[in-house]
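# Examining the three-dimensional arrangement
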Amino acid sequence: MKTRFPLSAAALGVSLLISACSQPAEQNATTEILQEAAWRETMEIQGEVIAPEKTPVNVPGSGWAPRILEYIAQNGNAVKKGDLIARYRAPRSETELAKAELELERKELAREELERNDTKRRTEIHADQSKVNADLHLSERYSGADQQLFSRNKVLDTIQDQAFLKQKQGYLNWQLSQTSVRTQSDQALLRSQLESVTQKRDTEANALQQLEVRAPHDGFLMLEKNWSGMTPMVGATARPGDVIGNLPDLSHLVANFQIPEQRTFALQTGQTIEVRLMGSGKHVPLKVTRIGTTASPIGEKSPVKFIEVDAAFSAEHIQQMQLTPGQSLSGNLIFANKEKILTVPNIALKEENGQFFVFRIEQGKPVKTAVKLGLRGPTRSEITEGLRAGMQISLIPTTEQKEKSAS
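Calculation rules
- Residues numbered from 1 in each chain as written.
- Predicted model: local features only at pLDDT ≥ 70, side-chain atom pairs only at ≥ 80, totals over all residues.
- Heavy atoms only, no water.
- Pairing = 2+ DSSP bridges.
- Helix = DSSP H or I, 4+ residues; strand = E, 2+ residues; numbered from the N terminus.
- 1 Å grid on protein atoms, 1.4 Å probe; cavity = no way out; pocket = protein on both sides within 12 Å on 5 of 7 lines; lining within 4 Å.
- Points joined across faces, edges and corners; volume = space filled by probe spheres on them.
- Core = buried A, V, L, I, M, F, W, Y, C linked by side-chain atoms within 4.5 Å.
- Buried < 20%, exposed > 50% of the residue type's maximum accessible area, 1.4 Å probe, protein only.
- Contact = heavy atoms within 4.5 Å.
- Polar contact = N/O pair within 3.5 Å; in protein donor to acceptor, adjacent residues only side chain to side chain.
- Salt bridge = Lys/Arg side-chain N within 4 Å of Asp/Glu carboxyl O.
- Phe/Tyr/Trp six-rings, centres within 6.5 Å; stacked < 30°, edge-to-face > 60°.
- Lys NZ or Arg CZ within 6 Å of the ring centre and 35° of its normal.
- pLDDT = per-residue confidence, 0-100.

Right, let's talk about the sheet that holds strand β9 (residues 222-223) for a bit. Pairing is antiparallel in the open sheet, where three strands are placed in the order β3-β11-β9. Single-partner strands in this sheet number two, and they are β3 (54-58) and β9. Alignment of β9 against strand β11 (residues 243-248), held across two bridges, turns out to be antiparallel. Looking at β11, one finds that Met-222 is bridged to Asn-246.

Bringing the layout of surface pockets into the picture now. Taken as a whole, the largest pocket holds about 490 Å³ of empty space. Surrounding the largest pocket, 17 residues form its lining, Glu-48, Ile-50, Met-222, Leu-223 and Lys-225 being those nearest its centre. Breaking the lining of the largest pocket down by element, the ones donating at least two residues are β2 (37-50), β9, β11 and β12 (254-260). It is β2 that contributes the most residues to the lining of the largest pocket, four residues altogether.

The next subject is the nonpolar core. Counting 25 residues, the largest nonpolar core has Phe-257, Ile-259, Ile-273, Phe-313, Leu-323, Leu-329 and Leu-333 as the members making the most contacts within it. Among the elements of the structure, β2, β12, β13 (272-277), β14 (282-291), β15 (306-312), α4 (315-321) and β16 (328-341) are those that each provide at least two residues to this core. Beyond its immediate stretch of four places on either side in the chain, Leu-323 contacts Val-49, Leu-253, Leu-277, Phe-313, His-317 and Ile-318. Core analysis: the next-biggest nonpolar cluster, separate from the first, contains 18 residues, Val-79, Ala-86, Leu-211 and Leu-247 among them.

With that settled, the discussion passes to unusual backbone geometry. The phi angle at Gln-322 is positive, at roughly 50 degrees, despite the residue not being glycine. By secondary structure assignment, the location of Gln-322 is in the loop between α4 and β16. For Gln-322, a relative accessible area of 62% gives the class exposed.

To continue, consider the environment of Gln-258. Locating Gln-258 in the fold gives a position in strand β12. Taking relative accessible area as the criterion, Gln-258 reaches 27% and is therefore assigned partly exposed. Separated by 210 residues in the primary sequence, Gln-258 and Glu-48 place their C-alpha atoms 9.5 Å from one another. Apart from the residues within four sequence positions on either side, Gln-258 is in contact with Gln-46, Ile-298, Phe-306, Ile-307 and Glu-308. Within polar-contact distance, the side chain of Gln-258 engages the side chain of Glu-308 at 3.3 Å.

Turning to the pattern of salt bridges, a few remarks are in order. Per the stated rule, a full pass over the model turns up 22 salt bridges. Here Glu-103 and Arg-106 are joined by a salt bridge, their closest N and O atoms 3.3 Å apart. Within this pair, Glu-103 and its partner Arg-106 are both found in helix α2 (residues 91-143), separated by three residues, close to a single helical turn. Note on Arg-106: relative accessible area 52%, which makes it exposed. Close ionic contact of Asp-310 with Arg-290 constitutes a salt bridge, the shortest N to O distance being 2.9 Å. Residue Asp-310 is located in strand β15, and its partner Arg-290 is located in strand β14; the two are separated by 20 residues in the primary sequence.

With that settled, the discussion passes to the sheet that holds strand β6 (residues 84-89). Ordered by their spatial adjacency, four strands build an open sheet running β7-β6-β4-β10, and the pairing between neighbours is antiparallel. Strand pairing shows two members of the sheet lacking a second neighbour, β7 (212-214) and β10 (237-238), which therefore form its edges. The sheet contact formed by strand β4 (residues 67-72) and β6 spans four bridges and is antiparallel. If you follow Ile-68 over to β6, its bridge partner there is Arg-89.

Here we come to the packing of aromatic side chains. Under the defined criterion, the tally for this structure stands at one aromatic pair. Of note, Lys-368 hangs over the ring of Phe-357, and the distance from its end group to the ring centre comes to 4.6 Å.

Take the pairing of β4 next. Sheet topology note: the β4/β10 ladder contains two bridges and is antiparallel. Bridged to Arg-67 within β10 is Ala-238.

Here we take up the confidence of the model for the protein chain. Should pLDDT be low for a region, the predicted coordinates there are not to be read in detail. Chain-level pLDDT for the protein chain is 81 on average; 84% of the residues reach the 70-or-more range. Confidence, read as mean pLDDT per element, is least for helix α1 (residues 9-21) in the protein chain (37) and greatest for β15 (93). Low pLDDT, under 50, characterises residues 1-28; the stretch is placed with five contacts to residues that sit more than four places away or in other chains.

With respect to the secondary-structure elements, Glu-96 resides in helix α2. Setting aside residues up to four positions removed in sequence, Glu-96 forms contacts with Lys-200 and Glu-204.

Right, let's talk about the pairing of strand β19 (residues 355-362) for a bit. Pairing analysis gives three bridges linking strand β18 (residues 350-352) to β19, with the strands arranged antiparallel. Within the sheet, the bridge partner assigned to Lys-350 lies in β19 and is Phe-357. In this antiparallel pair of consecutive strands, β18 and β19, the connection spans two residues, and Asn-353 shows a positive phi of 55 degrees. Examined bridge by bridge, β19 and strand β20 (residues 365-376) share seven bridges and lie antiparallel to one another. Looking at β20, one finds that Ile-361 is bridged to Pro-366. What sits between β19 and β20 in their antiparallel hairpin is a turn of two residues, with Gln-363 showing a positive phi close to 55 degrees. The pairing of β19 with strand β22 (residues 392-394) spans two bridges and is antiparallel.

In this section: the environment of Lys-80. When you line up the elements, Lys-80 lands in the loop between β5 (78-79) and β6. Given the relative accessible area of 53%, Lys-80 is considered exposed. Sequence separation between Lys-80 and Gly-219 is 139 residues, and the spatial gap between their C-alpha atoms is 6.7 Å. Sequence-distant contacts of Lys-80, defined by excluding residues within four places in its chain, comprise Ala-215, His-217 and Asp-218.

Structure below.
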């Protein structure tokens, strides 16, 4: 009786190696036989409800004087037109206003002092003029008198006094005119200073009247985040014109998604996104209405760039689903959903100067074949010309293809 021994592992390996070597080299390459079939490609994405149109809410006032936040409404709160959103304090404006009012009082006292000095100076000059005029009148009487009644020295002194008094009279007139000029100059300077201080006082007073922010219309308050991701907090300092937040237009809402740039080459407006509102289970099909033109990172530490994609809600969707900005969404973006079409894996496509090629297998050898593409997806693309069902194509370069590429 003969005993059958199992084939050893070494012998089995040699047998398989010989069998593999006896097959054509082309059959070792990964291939696919083309068939018309239903094609559906999707991608799961995450996003939120946003309002593209919104009214900005800014810190009130003008200039550079800082404001300190005393009150701020809760983020996401519903507000009515005229409701208080934020209230600020302006300590620097309060100080500057007090200084300006004190300076105005000082300028007013200076104006009164200037008027008193002018009056006093004019009174003194007028008094001197009256005395000079009286002396001159008396001197003129002596100068016309009979010289026989007075001594010759007395007559000469009177004539000399008359000449002096006329000179003094001219000097006093000049002093009076100079006093007017000087007073007018001092008054002009004081008026200029008063205008400057008054303008500053009015500016600070106006700033203190602009410390409240009220809702310009009905809506939901969406507070703005700063560079650290924080919304405005009580006690924080801000400058006039800084953005506090915004009031979205609730009649126009969209589903906003951030999609990695490398996965957006097949994106087209009009594609369907099956959107689900997180936490509610409500589903709604939407159409892509906007695709961003530039890619940017959404985090400081991530090098990945994303492109924004929007799908608009209808007025009925907004009302039925009670949508508000900030609600989280999940979506299923449908790149392709066709029946009985011919597709090839994207890995099989080769591009040269804008023309696409595949290598179809004919009699065991690869043949370079030009093709025209229809809809492109993340993993497969539609073939409209160049191939037909039943053909076999190569998915990865064979040895012969590599040699041709190298040559």
